[in-house]
Every structure is written in structure tokens, then in C-alpha cells.
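Structural overview
Given next are the chains, with one letter for each unit.
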Amino acid sequence: MDRRDILKGLGLGAAVGAWGIARGADDAVASGYAQATKGLPSLKITDVKAILTAPQGIRLCVVKVQTSEPGLYGLGCATFNQRPLPVAVAVDEYLKPFAVGRDVDNIEDMWQNAYTSSYWRNGPVLNNALSGLDQALWDIKGKRANMPVYQLLGGKCRFAVDCYTHCSGRDLKQIEQSVRRAMERGYRHIRIQRGGYGSPHLTKQAHYKEAGFASASDSTMETGPYVRGTLEMFEHIRSTCGDAVELLHDIHERIPPIEAINLIKRLEPYHPFFIEDPFSPEDNGYFRLLRQQTSVPIAMGELYNNPHEWVGLMSERLIDFIRVHISQIGGLSVARKIAALGEWFNVRSAWHGPGDVSPVGHAANAHLDLAIWNFGIQESVHFSDKTQEVFSGCPTVKEGYMYVNEAPGFGVDIDEKLAAKFPLPDHPGYWSPVRRPDGTAVRP
Ligand code: MG
């Protein structure tokens, strides 16, 4: 046997390359490098496309990445409910030409280069498109390895994913009944809201409408009624439903920052599990002031797109739960780095997970939840029968715990023909305007 063959047999391709150089044989150098990187057979991306569907009336966008291995493809979530069409264009017209022909295995390299391929970056449209490609590549890698993605991320840290559910109502009795039903279903963590965000029904005086300003369909809220109504709600639920249930609440950035600080201080006696989004992203500077005033746990981040929005808050221990929307930040590859950053500062995860995340995205959330030590809580969602027909293998929730299936990858598939029967709603899906009684726009 030739010395070169022996080295190859031992898997020492690099040594073969070195030996080839010594002999001045260029062909041996080339085969040596190939041997050194030998692993799974090289596969190329052959197609990337956005699939838009709305089986639950919510505009979902899923990216499907095909490979040079017949039948092997991956799915990723790129759902931006309020602007789905620009995401689809970014995927079909820009990411597809960028990705086709590239190696399916090199996810991080693909992410880094796709991220900067637009030069300008970190916006929600391009981040969602990038997430679709990124998650689809993780799905493919799981299928290639014949493992669920959580195994690729290090394996399970817990048997299932603890979840919170939403409870709301227009009056205190309705909210209480909703909480009691959720507790009967096994939930231990419950988000309580009085009507919509900002409790608009508590504010009767829409003076701007009487003056003919803005649109009659706009919602109205005011800080005082919302703050008093929220305190009343916590008092009622704690006194009727007890102390054992963990209560969460989302301020949704609706009130002036100093009023949010005052409200959170006054909520201390009801020991909330967390209070979410006290400030809009533009008011990040208020978190230090909040921390100086209260130790109520704070969750923040569903509107974040740019690392500069979360890195400082986490590393300075100014929040307790990071709540980014994984497709909005560019996918699983970014989220796992955020989780690792959070571990060193004991900031826990609470990935955004309402209806405007596709089942593929919920699966990605849950796979990461299973594998990270500093998991906090997961927002859970109910998938309708139609959604489960379009997306087979959806995560399931039982007794307040979410479970993923054990199929390789994320374990979720899509029936494209059925998906096409649920086109996007005609209405473009704007986030509805909310105003103060004088007509001033309120930021969500
Ligand atoms: Mg929220």
C-alpha cells in the first residue's frame, strides 16, 4: 500500500496534503485538502422561496430551502405580520440568488455573508428574510444528522418548555374567570390584561373624534385610567385567585416612562413574575432609572432588531428576561448567541411567541428553550385545526408545557397546496393607531 493511501485510511488528509507538497505534487495537495475537510457529502442549495399563508387569518411567511439531495429541504420562519410582502421580495429576489449554489452545511458563514450582503442591515424586513434562510438551514442540518435541532444545540436542559398563556377581559369578573380556566388547564404562569393594550375601554373621552381629527376607527387610551385599572386588576386577581399562580403583564410601551416606573413600583405587593415592555425601544435609557427604583422583574425586547438595543441592557443587568422575536433579529443563529450572552448575566429567555410566529418559528423557539440553561418562560399559542392541517408536526401544549416532536430538524412540515388555499387577507394588516384623548399618537 502506498504511504499516501495509509494516511488517507487514517483520515489524515492534511498530512497527505503536506506530504504531497513535499513531493511537489499539486494533485496530492488538492486531494489532501479535500480529505482534511471530508465529512458529510457536500450538498448545495438549489432553491430558496417564500411561502405566504394565513390559515388563522394571520399573515405567516415561511421560507423553504431546497438542496441538491432529492427530497431534502428545510423550513424557516420569516413572519412579519405587518409587512409580509417586502419580506417575500427580499427572500425571492435577493436571498435566493445569493444562496443558490452555496454549501448547505456552513450556516454561520452563510449568515455572516447574507447579513452584510445588503451592506445596510439590522432592519425588520431583511432580518426576517435572513431568519427564514437561517432556520431552514438548521432544519436541514438536523435532518442530515437525523436529530432534532435541540440535540444539535447541546441536548435537553429540561423535559419540556414551561409556558404562559394570555388571559384578558373587559371587566374584572371576566379576567378572573379567564384566569381560573387557564389554571384548570394546568397553566402556572398567566398574563393578565384588562381589555386591549392600554385598556382603551377605560377611557371614554375621545375628544379628537368629536373635533373631526384623525379616524373614527382609531382607539383611545389615557394613562390615568389605564394605571388605576391595572392596579385594580392585580388586586382583584391576587385576592380571588391566590398567590400560587404567577402573574405577568404587558404595559406595551403605552404610557410615559416615568408613569411606567410609578406603576411598576405600585405593583410590587402583587409580586408579578415579570412586567413586559415598560418603555418603547426609543426609551432604552430609562431602564437604569427603573432598576434604581424597583426590583420587580422586567421583560423587554419584542421590538428589538439591532444588537445595540439588547447587548447593553443584558450586560449591565438592567432587564431580567430578553423577549426578542427570533425572526425579527435574524434567526436561530442570533438567538442562541443572545441566550449565551444572557447566561453570563443571568438574564433569562422569554422569546416572543404570539400568533404572528409560524409553527416553524414556534418550533425553533421551543428547540432553543429546551437546550439553553437560562431559559425563563415561553409565550404559548393555540394552533387552530386549519393551521395544524397546513403545518404538520406543530409543537403541542399540555398542562402548560410545550412539547416538540422528535422528528429530525424542527419536526414541522408544510402542505404547500393547502397553504395556497389560505391567501393573505386583503387588509394590509397595519398596527392600529392608538391616541390620547387630544389625538396624540401613542407608541406601541
Ligand atoms: Mg408584548
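We now turn to the structure provided with this report. (Residues numbered from 1 in each chain as written. Predicted model: local features only at pLDDT ≥ 70, side-chain atom pairs only at ≥ 80, totals over all residues. Heavy atoms only, no water.)

Some words on the overall build of the chain
This is how the line gets drawn: Secondary structure elements are defined from DSSP: runs of H or I of at least 4 residues count as helices, runs of E of at least 2 residues count as strands, and each element is numbered from the N terminus. Computation of the radius of gyration draws on C-alpha atoms alone. For the globule rule, the value is 2.2 Å times the number of residues to the power 0.38. Whether two residues are in contact is decided by their heavy atoms: any pair within 4.5 Å suffices. Using a 1.4 Å probe, the Shrake-Rupley method yields the accessible areas, and only the shown protein chains count as cover for residues.
Helices and strands together make up the secondary structure of the chain, namely 17 helices and 17 strands. Computed over its C-alpha atoms, the radius of gyration of the chain comes to 25 Å, within 12% of the 22 Å expected for a compact globule of 444 residues. C-alpha atoms of the chain, sized along the principal axes, occupy 90 × 45 × 40 Å. Long-range contacts, defined here as pairs at least 24 residues apart, represent 69% of the contacts in the chain between residues at least 6 apart. Split by element, the accessible area of the chain, about 19,500 Å² in all, is 52% carbon and sulfur.

Some remarks on the coordination of the magnesium ion
Stated formally: The rule for donors is simple: an N, O or S atom within 2.8 Å of the metal counts, and for Na, K and Ca the reach is 3.2 Å. Water is not among the atoms, so a site may look short of donors. Relative accessibility thresholds used throughout: buried, under 20% of the residue-type maximum; exposed, over 50%; partly exposed, between the two (1.4 Å probe, protein chains only).
All of the protein donors around the magnesium ion are D250 (OD), E276 (OE) and E302 (OE); their distances to the metal are 2.0 to 2.3 Å. Positions of the donor residues of the magnesium ion, expressed as sequence spacing, correspond to D-x25-E-x25-E. Residue D250 is found in strand β7 (residues 246–250), and its partner E302 is found in the loop between β9 (298–300) and α13 (307–315); the two are separated by 52 residues along the sequence. Assigned by exposure class, D250 and E302 land together as buried.

What about the environment of G342?
Mapping G342 onto the fold places it in helix α14 (residues 332–345). A relative accessible area of 0% means that G342 is categorised as buried. As for G342 and I190, which are separated by 152 residues in sequence, their C-alpha atoms are 24 Å apart. Apart from residues lying up to four places away in sequence, G342 is in contact with M314, V347 and N374.

Regarding the pairing of strand β3 (residues 73–77)
Rules: The pairing criterion is simple: DSSP has to find at least two bridges between the two strands.
By the criterion of burial, β3 is predominantly enclosed, with 5 of the 5 residues buried. Side chains of β3 alternate between two faces, with Y73, L75 and C77 and G74 and G76 buried alike. Bridge count between strand β2 (residues 60–67) and β3: 5 bridges; the pairing is antiparallel. Bridge pairing in β3 places V65 opposite G74.

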